[in-house]
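Residue-level structural notes
The residues making up each chain are set out below.
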Amino acid sequence: MKIAVLKELASGERRVSASAETVKKFIALGATVAVEGGAGLQASVADADYAAAGATIGDRAATVKGAGIILGVQAPDAATLAGAAPGAIVAASFNPFGERAKVDGYAAAGLEALAMEFMPRITRAQSMDILSSQSNLAGYKAVLDAAAEYGRAFPMMMTAAGTVSAARAFIMGVGVAGLQAIATARRLGAQVSATDVRAATKEQIESLGAKAIFVEAVKGIEGEGTGGYATEMSDEYKAAQAELVSSHIAKQDIVITTALIPGRPAPRLISDAQIATMKPGSVIVDLAVEQGGNVEGAVAGEVVERHGVKIVGHRNVPSRLAADTSALFSRNLYNFLSAFWDKEKNAPVLDEEIGNAIRLTQGGKVVNERLL
Ligand code: NAD
C-alpha cells in the first residue's frame, strides 16, 4: 500500500498531514510512503527528515501516482489527484457542509473521501479526533493573540512604581478550545470567567479555577449535550443569555469566543451595542469567525476596531502553530489508520460505526447520511 503525503494547496495553510514519526510508523505497518517535496517546510519538517524516516520525496504527480491512501490537512480538489489508485482513500478535513462541490468532485472521481472532522465522539476515537487536537492549540493561541493586541499586562503586578491590576478575561463557549483558553489565561495571570449552554461545563470551569457565569432563569442543555455538541437555543434562552452577557461584558478586558453548532452558522453571542459598553483598549478574539462569527463586526482574516475595542478574527488559528498542530494532526491520522489496519490486505478496513460516520463518498456516489 502506497501512502501519499501532499503539500497543502489552500492559501495560508502551513500544516502538514504526516510527521517524520508517523511516516516511520506507517512503514512499520507495511506501507510505503511518498512525500511531496516541501510538504512539511512550513511546519518545520524538512524533506531530509521524511527521507531519513524512509519516505521517498518527489513532485506531486510522482507522489500521487498509484497511491491507495492520500493524506491531507485540508482535502485538495479531486482534480489534483489524477493518477491515484482507483478507489483510493483520501483522509483529510473536508468542510463537507461548506464545500459540497468538492465532495461531489470526489464522488465523480471515484475516490473514497474520509472526513476526519466527522469522527464520532466516542471514547475509542478520541485519539483520532482532529477537532479536539486542533481546537486545543487554537484555544491556547487565541489567548496569546489577545495578549499581543492588548496594550496592558495580564497578571497583577506590584512594582515600586505602583500596582498594575490583573486583566479580566471572559471565555464564551467551553468546549475543547474554551477549556484550553481558560487554562492559558489563568496561567498568564488573568482573572477568568466563562460561560456555555451545556450544564456539564460548569464544573469543568470551576475545576480550572475560573468563575462560571450561567443563565439560571431558562434551562440550557442538560449534561454534556448529544456527543458533546450544542444545538441552537430557544429565543427565550437567547434573550436571557444576551441580558447576562450585557451586564458581565462591560467589565471585561479580554473576551474569547469559541461557540459552534455543528452544521449551522456559529451563534451570535456579542452585539455591536454590547461592544460599545466595553472599555477602550479591550480585545475580543472570535475563534468562530470562519463559521459566521460569534461577534458582530468580526471580519475573517482581520483585526478590526469598534468603539475602541479590537476584534481579532484570524483565519485558521491552528495553522498559526503549525509545528505542534501538524504533529498532533499526523498522530490523529496514524491512530485512525493503524487502528483499522488489516495486515493481510495491507490496507485499512473500517468498521461500520466509524466508517459510516466519516465516509463521504464511495463507488462514485455521495454516501454520508449527513449530506443526503
Ligand atoms: P464545539 O467546538 O462544537 O463548540 C464549542 C463550545 O461552544 C461547546 O462547548 C458548546 O457547548 C458551546 N456553545 C454552543 N453554542 C453556544 C452558545 N449559544 N452560548 C455559549 N456556548 C455555546 O465543541 P467542542 O470543543 O468540539 O467539544 C464539546 C464537548 O465535546 C467537550 O465537552 C468535549 O470534551 C467533548 N468531546 C468529546 C470527544 C470524544 O469523546 N471523542 C471528542 C471531542 C470533544
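Per an unreviewed UniProt entry, the recorded name for the protein chain is NAD(P) transhydrogenase subunit alpha part 1, and the organism is Sphingobium phenoxybenzoativorans. Of the comments in the UniProt record for the protein chain, the one headed Sequence similarities (unreviewed entry) reads "Belongs to the AlaDH/PNT family." Per UniProt, the protein chain carries the Catalytic activity (unreviewed entry) text "NAD(+) + NADPH + H(+)(in) = NADH + NADP(+) + H(+)(out)".

**Topic: helix H10 (residues 322–339)**
Its 18 residues give H10 an end-to-end C-alpha distance of 25 Å, which sits within 8% of 26 Å, the value for a rise of 1.5 Å per residue. Every buried residue of H10 is accounted for by Ala-322, Thr-325, Ser-326, Ala-327, Phe-329, Ser-330, Asn-332, Leu-333, Tyr-334, Phe-336 and Leu-337. Lining the buried residues of H10 we find helix H1 (20–29), strand E4 (69–74), strand E5 (89–93), helix H5 (130–149), strand E16 (341–342) and strand E17 (347–348).

**A word on the confidence of the model for the protein chain**
Here the protein chain averages 96 in pLDDT, while 100% of its residues score no lower than 70. Across the predicted assembly, pTM comes out at 0.94 and ipTM at 0.95.

**Looking at the site of the ligand**
Contacts to the ligand come from 32 residues, most closely from Gly-173, Gly-175, Gly-228, Ala-230 and Ala-259. Residue assignment for the shell around the ligand shows that the elements contributing at least two residues are H5 and helix H6 (176–187). The class makeup of the residues in the shell around the ligand is 16 nonpolar, 11 polar and five charged.

**So, the sheet that holds strand E12 (residues 254–257)**
The seven strands lie next to each other as E11-E10-E9-E12-E13-E15-E14, forming an open sheet whose pairing is mixed. Of all strands in the sheet, those bounded by a partner on one side alone are strand E11 (211–212) and strand E14 (303–306). Relative to E11, strand E10 (residues 191–195) runs parallel, the two sharing two bridges. Paired with Ala-194 across the two strands is Ala-212, which belongs to E11.

**Some details on the sheet that holds strand E6 (residues 112–115)**
A sheet is described by the order of its strands in space; here six strands give the open sequence E3-E2-E1-E4-E5-E6, paired in parallel fashion. For this open sheet the edge positions go to strand E3 (56–58) and E6, each flanked by a neighbour on one side alone. Here the strands of the sheet are splayed against their neighbours by 25° on average, with no regard to which way each runs.

**A word on the nonpolar core**
Residues Ile-70, Leu-71, Val-90, Ala-91 and Ala-113 are the most contacted members of the largest nonpolar core, which totals 57 residues. Here this core gets six residues from one element, more than from any other, and that element is H10. Aside from chain neighbours lying at most four places away, what touches Ile-70 is Ala-4, Leu-6, Val-64, Leu-81, Ala-84, Ala-88 and Val-90. Listed in part, the 50 residues of the second largest apolar core include Ala-167, Ile-171, Val-174 and Val-176.

**Quick look at the domain arrangement of the protein chain**
For the protein chain, the assigned domains are domain 1 (2–118 + 321–359) and domain 2 (138–315). Computed over C-alpha atoms only, the centres of domain 1 and domain 2 are separated by 34 Å.

**Section: the pairing of E14**
Taken together, the four bridges between E14 and strand E15 (residues 309–312) define a ladder with antiparallel strand orientation. Residue pairing across strands places Arg-306 opposite Val-309, the latter belonging to E15. The turn linking E14 back onto E15 is made up of two residues, and His-307 within it adopts a positive phi angle of 55°.

**With respect to the environment of Arg-331**
When you line up the elements, Arg-331 lands in helix H10. We classify Arg-331 as partly exposed; it has 19 C-beta atoms within 10 Å. Sequence separation between Arg-331 and Ser-17 is 314 residues; the distance between their C-alpha atoms is 8.8 Å.

**Quick look at the packing of H1 against H10**
At a minimum axis distance of 10 Å, the contact between H1 and H10 shows a crossing angle of 10°. By the angle class used here, H1 and H10 are roughly parallel. The hand of the H1/H10 crossing is left-handed. In this structure, H1 contributes Thr-22, Lys-25, Phe-26 and Leu-29 to the contact, and H10 contributes Ser-330, Arg-331, Leu-333, Tyr-334 and Ser-338. In terms of residue class, the contact of H1 with H10 is made up of four nonpolar, three polar and two charged.

**Concerning unusual backbone geometry**
Even without a glycine there, the phi angle at Asn-95 is positive, about 45°. Positionally, Asn-95 belongs in the loop between E5 and helix H4 (100–108). Positive phi values are uncommon outside glycine, yet His-307 reaches one of about 55°. Within the secondary structure, His-307 is located in the loop between E14 and E15.

**As for the pairing of E5**
In terms of residue burial, E5 counts as a mostly covered element, since four of its five residues are buried. Bridge analysis of E4 against E5 gives four bridges, and the strand direction is parallel. In the sheet register, Ile-69 faces E5, and the bridge partner there is Ile-89. When E5 meets E6, the two strands line up parallel, connected through four bridges. When the bridges of E6 are listed, Ala-91 appears paired with Leu-114. On the question of chirality, the crossover connecting E5 to the parallel E6 by way of H4 is right-handed.

Calculation rules
- Residues numbered from 1 in each chain as written.
- Predicted model: local features only at pLDDT ≥ 70, side-chain atom pairs only at ≥ 80, totals over all residues.
- UniProt positions renumbered as here; feature names shortened; annotations may be inferred.
- Helix = DSSP H or I, 4+ residues; strand = E, 2+ residues; numbered from the N terminus.
- Expected span 1.5 Å × (residues − 1).
- Buried ≥ 20, exposed ≤ 12 C-beta atoms within 10 Å, placed from the backbone.
- Contact = placed C-beta atoms within 7 Å.
- pLDDT = per-residue confidence, 0-100.
- Near = placed C-beta within 6 Å.
- Nonpolar A, V, L, I, M, F, W, Y, C, P; charged D, E, K, R; others polar.
- Pairing = 2+ DSSP bridges.
- Axes fitted to C-alpha atoms, helices over the stretch in contact; angles between N-to-C directions.
- Core = buried A, V, L, I, M, F, W, Y, C linked by C-beta atoms within 7 Å.
- Domains from an automatic or database assignment.
- Parallel < 35°, antiparallel > 145°, perpendicular 65-115°, else oblique.
- Left-handed = near helix turned anticlockwise from the far one by under 90°.
- Right-handed = clockwise from strand over helix to strand, strands pointing away.

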